[in-house]
Amino acid sequence: MKHIKTLSIISTAVLLIASVSFLVWKFVPNPVPVEEVFPGRIWAKPVTQLPDLQGVGAPRAENCGKCHAEIYQEWKTSTHSHALSDLQFQAELSKPSSPQWICLNCHIPVQNQREKIVVALNHGKYEEPVEVPNPGFDPKMKEEAVTCATCHVRVDEQGKSYVIGANGNTSPPHPVKINASLLRNRCYDCHNETYELNSSLVCSFQTGTELKEAASHFADKDCVSCHLPTVKRSFVIAELGKSKKDSHKHSFIGGGVPKKFELYQHQIPGGYSPGIVLESWEKKDSDSILVKVKNQNAGHYLPSGDPERHLKLELIWLDDSRKAISKDEIRIGQEWEWSPKARKTSDNRLRPKEIREWRKEIPEGKVKSAILRVYHIRLKNVVSDYVEKYATGAPEQYQVKIKELKKHYPHSSLVLESEFDLNTKKVKNTSLKDLFEINEKRRGE
Ligand code: HEC
Ligand code: HEC
Ligand code: HEC
Ligand code: HEC
Ligand code: HEC
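Residues numbered from 1 in each chain as written. Chains lettered and ligands numbered in written order. Predicted model: local features only at pLDDT ≥ 70, side-chain atom pairs only at ≥ 80, totals over all residues. Heavy atoms only, no water.

A.B. asks: Please clarify how unusual backbone geometry should be interpreted in this entry.
C.D. replies: Leu302 connects to Pro303 through a cis peptide bond whose omega is -10°. Along the chain, Pro303 falls in the loop between β12 (288-295) and β13 (310-318). Going from Ser339 to Pro340, the amide bond is cis rather than trans, its omega being 0°. Examined against the element boundaries, Pro340 turns out to sit in the loop between β14 (324-337) and β15 (343-347). Located in the positive-phi region is Arg322, a residue other than glycine, with phi close to 60°. When you line up the elements, Arg322 lands in the loop between β13 and β14. (Helix = DSSP H or I, 4+ residues; strand = E, 2+ residues; numbered from the N terminus.)

Right under this line is the structure:
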């Protein structure tokens, strides 16, 4: 009997030790530095805290704008300045499973913008950031999202803030260091990242790689050549009496689907041009037509960036009285399966300069003409129905708008419209200006 008793004492002891060590592992903190968990990942940390900039004060966009007024106004209309107030972003951020600190590292990337600093990850787990309050938190700068300082301000060895410029031979009231390639390549830190946090949380932006792949077509072009087009003007307000130079528009126009309906009017002045253009219409024989479109203007795949972006091409057949007889549709984009494991299942995006042919039989009936419409869709209605459900977790200021997402958040834009008369073979294209007036009034996908 005695040995059984000893055995049970031993097993109880073993069990006790195991549970205690589990509890110790679980509840006694074991902080691991962020850079050990995510080595070499720039998005794993915000830009270090920036002290006041000599001649400027707090390194806020608002302050830069006092002298760089035009650049500031352009940036105010950009997606970059809306990367925090973006309603879809706010909804997704509020999901309980969202690794908020990681999202914020790209969407509000400077430490001054953060209430809390992540000092380590408990047990090396991204779900368990160890956070302390940030005494240098600037709530105004937080709202500026991808602010000027993201690309332009850093701290030197003496702990002083300076501006990164690309020109030289300028006379600013603030310190500058010239490093054109650092400034111009900054885009890659956020727009060229693929990382699998867990099986269903994947970040996949390959715009930089896609551009490299297209080097034969765009050898001398980088992101800045197309997204910050050159304009001759003074860098600063006229009162400062500086000469005109090659300056860069800071509207960062992309796919032509802005974050608010009011911003549609800034797309064309900001430099928008659709990647896709009509190459040709042809009537092949009496019963079919061939329409060709081309990725003429984008130096990367079309569409690039967020995996949900896609183009919808519609072909509408009209009779004499301009009544629609029937409609055909194709989709250009990536398709992903998100659960149980995130996985790309197909990708028919247009490579740079690629031509896509669409041959279609003319339907029965008295067809007079065909209209091609191309929509750039950033958010589908079914996805926004789902996004609306996360409204209640979001900060109060966004909740009402997220609940009525279609009313407040542009989902798509009509970016090309062309009509082909089957008898006369005449082609009529709608101007970009007219399309964007239509877009401002459209709602949903
Ligand atoms: C008090 C006015 C003022 C403020 C505020 C100001 N700047 Fe400037 N900045 C200038 C002037 C003046 C120049 C030089 C223009 C020239 O010589 O043509 C300049 C030049 C620059 C340049 C180009 C330098 C080069 O040689 O390439 C950059 C970039 C720049 N500023 C960024 C910023 C940023 C970012 C902020 C805010 C953090 C800021 N500036 C705030 C006045 C200002
Ligand atoms: C590596 C940097 C990076 C991280 C980390 C990141 N994002 Fe983004 N996010 C981007 C970029 C770049 C875009 C713009 C892509 C585009 O316009 O197609 C973007 C766009 C978005 C958009 C707008 C989508 C659209 O189609 O316009 C949402 C919503 C979003 N991110 C949510 C999140 C959430 C939630 C997280 C955290 C789970 C997160 N992001 C983490 C870089 C990042
Ligand atoms: C710190 C991260 C970061 C850096 C650096 C960055 N971006 Fe972005 N960018 C973003 C995020 C995040 C978004 C999307 C915000 C959203 O949709 O809410 C975005 C959106 C854009 C868009 C708008 C897409 C659209 O259709 O509205 C363009 C264009 C763009 N970025 C170009 C650039 C270029 C060019 C550079 C380099 C000069 C650059 N970005 C650097 C984070 C960054
Ligand atoms: C996403 C990165 C990014 C952001 C954000 C950004 N800039 Fe720039 N900025 C650039 C690049 C890239 C250039 C052009 C570099 C070159 O000349 O090769 C530039 C150029 C400039 C110049 C030199 C004059 C010119 O137009 O080329 C000034 C001044 C300037 N930026 C001010 C600002 C201010 C002010 C803000 C905020 C309102 C801002 N920038 C936001 C990337 C950025
Ligand atoms: C040769 C010109 C060109 C170059 C180079 C270029 N882009 Fe674009 N980009 C465009 C055009 C045009 C569009 C609009 C595409 C469309 O119709 O949706 C675009 C769209 C985008 C979008 C929105 C997604 C989309 O497909 O509409 C993002 C984000 C973007 N570009 C980022 C970048 C970044 C980052 C780089 C550098 C790695 C870059 N671009 C280089 C021309 C260019």
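A.B. asks: How do you make sense of the site of ligand 2 when you look at a structure like this?
C.D. replies: Cys103, Cys106, His107, Asp306 and Arg309 are the nearest of the 18 residues found near ligand 2. In the environment of ligand 2, an oxygen atom lies 3.0 Å from a nitrogen or oxygen atom belonging to the side chain of Lys259. Between an oxygen atom of ligand 2 and a main-chain N or O atom of Asp306, the distance comes to 2.7 Å. Breaking the shell around ligand 2 down by element, the ones donating at least two residues are α5 (87-93), α6 (100-107) and α10 (188-191). Classifying every residue of the shell around ligand 2 gives eight nonpolar, four polar and six charged. Counting contributing residues per domain, the shell around ligand 2 is built from domain 1 (34-185) and domain 2 (261-441), each supplying no fewer than three. (Near = heavy atom within 4 Å. Polar contact = N/O pair within 3.5 Å; in protein donor to acceptor, adjacent residues only side chain to side chain. Nonpolar A, V, L, I, M, F, W, Y, C, P; charged D, E, K, R; others polar. Domains from an automatic or database assignment.)

A.B. asks: Which parts of the structure should I look at to understand helix α4 (residues 69-76)?
C.D. replies: Along an α-helix, a turn takes 3.6 residues, which lines up residues three or four apart on a common side. Regarding α4, the residues found buried are Ile71, Tyr72, Glu74 and Trp75. Looking straight down α4, one finds its buried side chains confined to an arc of 160°; they lie on one side. (Buried < 20%, exposed > 50% of the residue type's maximum accessible area, 1.4 Å probe, protein only. Arc of directions from axis to C-beta.)

A.B. asks: Mind showing me how you'd approach the coordination of the iron atom of ligand 3 here?
C.D. replies: Around a metal, the perfect tetrahedron of four donors has angles of 109.5 degrees, and the perfect octahedron of six donors has angles of 90 or 180 degrees. Around the iron atom of ligand 3, the donor atoms from the protein are His80 (NE2) and His191 (NE2), and they sit 2.0 to 2.1 Å away. One can describe the site at the iron atom of ligand 3 as octahedral: its six donor atoms subtend angles covering 87 to 180° at the metal. In this pair, His80 sits in the loop between α4 and α5 while His191 sits in helix α10, placing the two residues 111 residues apart along the sequence. We classify His191 as partly exposed; its relative accessible area is 43%. (Donors = N, O, S within 2.8 Å, 3.2 Å for Na, K, Ca; no water. Tetrahedral: all angles 85-135°; square planar, octahedral: opposite > 155°, others 65-115°.)

A.B. asks: Would you mind showing me how to read the pattern of salt bridges here?
C.D. replies: Two side chains with opposite charge may pair up if their charged atoms get near one another. Taken as a whole, this structure holds 35 salt bridges when the rule is applied. Between Asp347 and Lys344 there is a salt bridge, and its shortest N-O distance comes to 2.9 Å. Judged by its relative accessible area of 25%, Asp347 is partly exposed. One salt bridge connects Lys380 with Glu445, and the closest N-O pair in it is separated by 3.4 Å. Placement of the pair is Lys380 in the loop between β17 (369-377) and α13 (381-388) and Glu445 in the segment after α16 (432-441), with a sequence separation of 65 residues. Classification of Lys380 by relative accessible area gives partly exposed; the value is 30%. Each of Glu210, Lys344, Asp347, Arg349 and Arg351 takes part in one network of salt bridges that share partners. (Salt bridge = Lys/Arg side-chain N within 4 Å of Asp/Glu carboxyl O.)

A.B. asks: I'm lost on the UniProt feature "domain: Cytochrome c-552/4" (unreviewed entry) in the protein chain in this one. Help?
C.D. replies: Within this structure's numbering, the places UniProt gives as "domain: Cytochrome c-552/4" (unreviewed entry) are residues 64-120. The annotated region residues 64-120 carries 42% helix and 9% strand content, and the separation between its end C-alpha atoms amounts to 33 Å. (UniProt positions renumbered as here; feature names shortened; annotations may be inferred.)

A.B. asks: Quick question: what am I supposed to make of the coordination of the iron atom of ligand 2 here?
C.D. replies: Within the protein, just one atom coordinates the iron atom of ligand 2: His107 (NE2), at a distance of 2.2 Å. Looking at the secondary structure, you find His107 in helix α6.

A.B. asks: Whenever I open this one, the sheet that holds strand β6 (residues 176-178) confuses me. Can you help?
C.D. replies: Strand pairing in a sheet takes place through backbone hydrogen bonds and is either antiparallel or parallel in direction. Across the sheet, which stays open at both edges, the three strands sit in the order β4-β5-β6 with mixed pairing between neighbours. In the strand order of this sheet, the two ends are held by β4 (153-155) and β6, each with one partner. Mean inter-strand twist for the sheet, computed between neighbouring axes without regard to direction, equals 40°. In this sheet, strand β5 (residues 161-165) lies alongside β4 in antiparallel orientation, the contact comprising three bridges. When the sheet's bridge partners are listed, Val155 is paired in β5 with Ser161. (Pairing = 2+ DSSP bridges. Axes fitted to C-alpha atoms, helices over the stretch in contact; angles between N-to-C directions.)

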